[in-house]
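# Structural description and commentary
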Amino acid sequence: MSLLCGVFFPVEQLPELFQTIAAFLPLTHAVAIARPLLLGQGPADAALHALVLLAYAAAGFYAAVILFRRRLLK
């Protein structure tokens, strides 16, 4: 995931297919927020990236609750 998400080099340098795949990975959105902050700039579309990260967190939390309840009922 770190190779596709722009940790080592910008996502824009990847072929279009890999850019599409990277757009669905959460690390891409975290890097899009963190990189400009480290360079002393404001991140573009920070609210969008934060919402995507919150959606991933909510989906993971929901899945964990469902699996935990299922395990408790055994």
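What this report covers is the structure whose coordinates are included nearby.

Basis of the calculations
- Residues numbered from 1 in each chain as written.
- Predicted model: local features only at pLDDT ≥ 70, side-chain atom pairs only at ≥ 80, totals over all residues.
- Heavy atoms only, no water.
- Helix = DSSP H or I, 4+ residues; strand = E, 2+ residues; numbered from the N terminus.
- Polar contact = N/O pair within 3.5 Å; in protein donor to acceptor, adjacent residues only side chain to side chain.
- Contact = heavy atoms within 4.5 Å.
- Buried < 20%, exposed > 50% of the residue type's maximum accessible area, 1.4 Å probe, protein only.

## What to know about the side chain of H29
Within the secondary structure layout, H29 lies in helix α2 (residues 26-38). From its side chain, H29 meets the backbone oxygen of A23 in a polar contact 3.0 Å long. Not counting chain neighbours up to four residues away, the residues in contact with H29 comprise A23, H49, V52 and L53.

## As for the environment of A30
By the element assignment, A30 lies in helix α2. Residue A30 is classed as partly exposed on the basis of its relative accessible area, which comes to 30%.

## Details of unusual backbone geometry
Residues other than glycine seldom take positive phi values, yet D45 does so here, at roughly 60°. With respect to the helices and strands, the residue D45 is situated in the loop between α2 and α3 (46-72).

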